[in-house]
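# Notes for the structure review
For reference, the chains in residue letters:
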Amino acid sequence: MQSAAHIAVVDDHQDIRELVGQYLEQQGYRVSVAESGAALRRIIDKDDVDLIVLDVMMPGEDGLSVCRALRSTTETPIIFLTAMAEDTDRIVGLELGADDYLVKPFNPRELLARIRAVLRRAKTSASSQRDRVGASIVRIGHWKLNLGRQELAGDDGVGVPLSTAEFRLLRVFLDRPGLVLSREQLLDLTVGRVADIFDRSIDNQVSRLRKKIEPDPKNPSLIRTHWGGGYSLSAEVNFE
């Protein structure tokens, strides 16, 4: 029998973390709760964690700082809980490498659906990486991407740093060269959820990625915009 996924719930409000923890345990998950980033680290040091539900607004070390520190050592999926609904707050979280976010107050069933989607995507991603173990280098035009190290370099060998969100977005394009992908599809493929009409986080991520890989970001030739349709990768892709 396959063991249940281990989920860490981090929130400084005891009632929230206990309510979420009890609900997820009822759904068959193994749950650990923590009131701070320090408490989360103690959990991670003792046991493997499959997904982290992380509150943004915590006293002292906030969730964004915790996420930044975690992303330097692990790719464990993270879902943010936030009381802030502004686009900038959502974008910052995704840029730091979060896999999804949910605005408080929320329905526990929606959190459950997002957890299932993120875990499913993480499993698929791990399987895809195993299948491509022999193809660790990808050429995109004059760029060379090391998939294992998540490093991008030009023909001159100079590296260009990519955030987790930028790397994830580029991988989606690499797997579907020439295909026009809508904002909704890109959001679903990168963070596992459907966009609402006010969500422009994908546009911001595409803009940031273009600034790093396009010869002229104002007149992009690698990632093209299809008005009313979305975006597509027009460069030739070769796996080595």
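Taken across its 5 residues, strand β1 (residues 6-10) has 5 buried, putting it largely inside the fold. The two faces of β1 match: His 6, Ala 8 and Val 10 on one face and Ile 7 and Val 9 on the other face are all buried. As paired elements, β1 and strand β2 (residues 30-34) share 5 bridges and run parallel to each other. The residue bridging Val 10 from the neighbouring strand is Ala 34, located in β2. For the segment spanning β1, helix α1 (residues 14-26) and β2, crossover handedness is right-handed. Where β1 lies against strand β3 (residues 51-55), 4 bridges are found, and the strand directions are parallel. Bridge assignment links Val 9 to a residue of β3, and that residue is Val 53.

If you walk across this open sheet you meet the 5 strands as β9-β8-β7-β6-β12, and the pairing is antiparallel. Looking along the sheet, the strands with just one partner apiece sit at the ends: β9 (159-160) and β12 (237-239). Pairing of strand β7 (residues 143-146) with strand β8 (residues 151-153) involves 3 bridges; the strand directions are antiparallel. Considered in β8, the bridge of Leu 145 is made with Leu 152. Packed onto the sheet, helix α6 (residues 164-175) meets β6 (137-140), β7 and β12 and runs at close to 110° relative to β7.

Time to look at the sheet that holds β2. Taken in spatial order, the 5 strands of this open sheet run β2-β1-β3-β4-β5, and their pairing is parallel. Whereas interior strands pair on both sides, the edge strands pair on one side only; in this sheet they are β2 and β5 (100-103). Adjacent strand axes in the sheet meet at a mean angle of 20° when their direction is disregarded. Note: strand β4 (residues 78-82) against β5, 4 bridges, orientation parallel. Along β5, the bridge assignment pairs Thr 82 with Val 103. Strand contacts of α1: β1 and β2, with the helix running at about 175° to β2, the strand carrying the most contacts.

To continue, consider the side chain of Ser 182. When you line up the elements, Ser 182 lands in the loop between α6 and α7 (183-191). Leaving out residues up to four positions away in the same chain, Ser 182 has contacts with Gly 229 and Gly 230.

The next subject is the confidence of the model for the protein chain. With 87% of its residues at a pLDDT of 70 or more, the protein chain has an overall mean of 83. Across the protein chain, the element-wise mean pLDDT spans from 69 in helix α4 (residues 87-95) up to 97 in β1. Here residues 130-134 is modelled with pLDDT under 50, and outside its nearest four sequence neighbours on either side it reaches 4 contacts, counting other chains as well.

In this model, α6 (12 residues) spans 17 Å end to end at C-alpha, consistent with the 16 Å of a helix rising 1.5 Å per residue. The buried count for α6 comes to 11 of 12 residues, which makes it a mostly enclosed element. Every buried residue belonging to α6 is among Thr 164, Ala 165, Glu 166, Phe 167, Arg 168, Leu 169, Leu 170, Arg 171, Val 172, Phe 173 and Leu 174, and all of these are buried.

Here is what the cut-offs are and how they apply
- Residues numbered from 1 in each chain as written.
- Predicted model: local features only at pLDDT ≥ 70, side-chain atom pairs only at ≥ 80, totals over all residues.
- Heavy atoms only, no water.
- Buried < 20%, exposed > 50% of the residue type's maximum accessible area, 1.4 Å probe, protein only.
- Helix = DSSP H or I, 4+ residues; strand = E, 2+ residues; numbered from the N terminus.
- Pairing = 2+ DSSP bridges.
- Right-handed = clockwise from strand over helix to strand, strands pointing away.
- Contact = heavy atoms within 4.5 Å.
- Axes fitted to C-alpha atoms, helices over the stretch in contact; angles between N-to-C directions.
- pLDDT = per-residue confidence, 0-100.
- Expected span 1.5 Å × (residues − 1).

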